[in-house]
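Residues per chain are reported as follows:
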Amino acid sequence: MNELTLKFALSLTLTLLLELPVSLLFRARGKDLLLVFLVNVLTNPAAVLVCVLTGDRLLVQIGIEAVVILAEGWYYRTYGNGIRHPYRCAAACNLFSYITGAVLGILL
Amino acid sequence: MKRRWKCMTVLGAVLIFWASVSFTASADVIWEPSGDFYMENLDECEYDGRDYLTNGKEGFVVVYEKPGDSKEVARIKNGKRFYVGFTYKGRGGVTWAVLNLWGYEPEAEESLEPDVRDGWVVFENLAQVYMEEDFRAEHESGFADYQGELDGYEIKKELIFWDYPGSGRITGRVEEYFSGGDSPVYQDLYTDPDGNRWTYVGYYYGEEGWVCVDDPENGELSLSYGPGAIDRELYPAKKPEGEVMPPKTNAAVMAGTGAAVLLVVVVTALLIAVLFRKNDKNKGE
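Residues numbered from 1 in each chain as written. Chains lettered and ligands numbered in written order. Predicted model: local features only at pLDDT ≥ 70, side-chain atom pairs only at ≥ 80, totals over all residues. Heavy atoms only, no water.

A look at the packing of helix H3 (residues 58-79) of chain A against helix H4 (residues 86-107) of chain A
Residues and elements named next belong to chain A.
Stage number 1. Between H3 and H4, the shortest axis-to-axis distance is 8 Å and the interhelical angle comes to 145°. You can see that H3 and H4 cross each other, and the crossing is right-handed. Facing Leu 58, Gln 61, Glu 65, Val 68, Ile 69, Leu 70, Glu 72, Gly 73, Trp 74, Tyr 76 and Arg 77 of H3, the residues of H4 in contact are Pro 86, Tyr 87, Cys 89, Ala 90, Ala 91, Asn 94 and Tyr 98.
Stage number 2. Of the residues in the contact of H3 with H4, the class split is 12 nonpolar, three polar and three charged. (Axes fitted to C-alpha atoms, helices over the stretch in contact; angles between N-to-C directions. Helix = DSSP H or I, 4+ residues; strand = E, 2+ residues; numbered from the N terminus. Left-handed = near helix turned anticlockwise from the far one by under 90°. Contact = heavy atoms within 4.5 Å. Nonpolar A, V, L, I, M, F, W, Y, C, P; charged D, E, K, R; others polar.)

Written out as C-alpha cells, the structure reads:
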C-alpha cells in the first residue's frame, strides 16, 4: 500500500471511529448511523484529496472543513430520521475528529 | 522628525544585522542541494540532515536529477552511506530524498554522471543509519563528567576519533597536536559494556568524534558489541543493471486518485439517495 492510499485509509478509519460516537449524542440511531457512515465515506476522501493537492495548508483545511460541515449537515437534515440539530451534529463530529487528528499528528 | 529618522535608522541597522547573522549562520551549517528543483520547491522541502545507506529492493538505487524525473544521474549499489540534506513529499504520495554525492567515487559497476554533486532517490530505498546523535540520545543519561582522564596524553602515532563507541567507523586521525601542543577539549565520559572508557571531542581542527581513553591509538579495537541497530531489512547489493521504471509521475498518480475519489463520491451519493429515499419522500409529503 503506498503512502497516499495509507493516508486515505487512515483518515477515513479515524474519522468514522470518532464521528459515529459523537453522532450518538445527537440521537443518531439505527439507520441514521448508516447515514453518518455513508456521508463520511462521501466527504472524507474528497476532503483528503483536496488537502493533498493543496499541500495541507491550514487555511485550506479550515475551508474544506467548513464545506464538509455544510454538506454533511444538509445530508443529515435531508435524509436523517431522528438526528437532532443536523448542522450542529455535523459541526460537532467534524470539529472533534479534526482536533483529535491534529493532536494525534503532533503526538505521533 | 529628526528623532524619528534616527530611531528608524537604528532599527533598520539592527534588523539588517540580525538578518545577516541568521542567514549566514544557516548557510554555514546546512548543506543545500545545487539543482533548480530545490530552489523552486523550497517551501516543500523538509530538512533531514542524517546519513542513510542505499537499500533498493533490486540491490541498488537509481538517483535522478529531480523527483519524478526520468533522467538518471547515478546508479549506486546497496550499502553505500550518504548524507541526506532534505526530503520532498511529492503530491503523488512518494517521498524523495536528496543525496550529497560530492566526492563519491563510483565502483566499476556503478555509474555517476560527471560534475553531478547531488541527486534524488526514492526515500523508501534508503535505510536509516544509527548515528552519534542516536547513540547520545540512548546513552546520555549514563554519561559521567570528564575528569581529565586524557589530559597530558602524548600521541605516539595517531589519536583515533570514532563516530561513536562501537561504531567501527573512524571519523578522524590526529598524528600530533595542532598549534604546538593544543590538545583537544574533551567532554563527557562513557564506559562501555566492555569497561572501556570513552570521551567526546566536539571539534578539533575539523575533527570530531569519540576517543577511547583506555586505548586512544588503536584503530582496530576489538569490542564485544557492535554498531547501533538499523531497524530495517537490508537488501544485498547487486550490480546496477536492467531497466528501472521511475515511480509514477505525480500527475498520473493524482489523476488516477482523483478519478477513484470521484467514483466513490458519485456511488455513495447515489447509494444514499436510494437507501434513504423513503425519508425524502416522507418529508415531501
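Next comes the rest of the account.
Structural notes on the nonpolar core
Stage number 1. Formed by 18 residues in total, the largest nonpolar core has its most connected members in Leu 35, Tyr 76 and Ile 83 of chain A together with Ile 272 of chain B.
Stage number 2. At the level of elements, helix H2 (31-53), H3 and H4 of chain A are the ones that each hand at least two residues to this core.
Stage number 3. By residue number, the principal contributor to this core is H2 of chain A, which donates five residues.
Stage number 4. The contacts of Tyr 76 of chain A, once residues within four sequence positions are left out, are Leu 35, Val 36, Val 39, Asn 40, Ile 83, Pro 86, Cys 89 and Ala 90 of chain A.
Stage number 5. Judged by nonpolar contacts, the second largest core, of 15 residues, contains Val 61, Phe 82, Val 116 and Val 121 of chain B. (Core = buried A, V, L, I, M, F, W, Y, C linked by side-chain atoms within 4.5 Å. Buried < 20%, exposed > 50% of the residue type's maximum accessible area, 1.4 Å probe, protein only.)

A few points about the confidence of the model for chain B
Any segment with low pLDDT has predicted coordinates that should not be analysed in fine detail.
Residues and elements named next belong to chain B.
Stage number 1. For chain B, per-residue confidence averages 86 on the pLDDT scale, and residues scoring 70 or more make up 85% of the total.
Stage number 2. Within the model, the stretch residues 19-28 combines pLDDT values under 50 with zero contacts to residues more than four positions away or in other chains.
Stage number 3. Counting interchain partners and residues more than four positions distant, the pLDDT-below-50 stretch residues 279-285 has nine contacts. (pLDDT = per-residue confidence, 0-100.)

Observations regarding helix H1 (residues 3-24) of chain A
Stage number 1. An ideal rise of 1.5 Å per residue puts 32 Å on 22 residues; H1 of chain A measures up with 32 Å between its terminal C-alpha atoms.
Stage number 2. Looking at H1 of chain A, one finds that the buried residues are Leu 4, Phe 8, Leu 12, Thr 15, Leu 16, Leu 18, Glu 19, Val 22 and Ser 23 of chain A. (Expected span 1.5 Å × (residues − 1).)

A word on the interface of chain B and chain A
Stage number 1. Taken together, the 22 residues of chain B in the interface contact 22 residues of chain A.
Stage number 2. Carbon and sulfur atoms supply 68% of the area that chain B and chain A bury against each other, a total of about 2000 Å² over both sides.
Stage number 3. Between chain B and chain A we count zero salt bridges in total.
Stage number 4. Counting the contacts that link chain B with chain A gives one residue pair in polar contact (both at pLDDT 80 or more).
Stage number 5. Breaking the side of chain B that touches chain A down by element, the ones donating at least two residues are helix H5 (250-275) and helix H6 (277-284) of chain B.
Stage number 6. Across the side of chain B that touches chain A, the residue classes break down as 11 nonpolar, seven polar and four charged. (Buried area = accessible area lost by both parts, 1.4 Å probe. Salt bridge = Lys/Arg side-chain N within 4 Å of Asp/Glu carboxyl O. Polar contact = N/O pair within 3.5 Å; in protein donor to acceptor, adjacent residues only side chain to side chain.)

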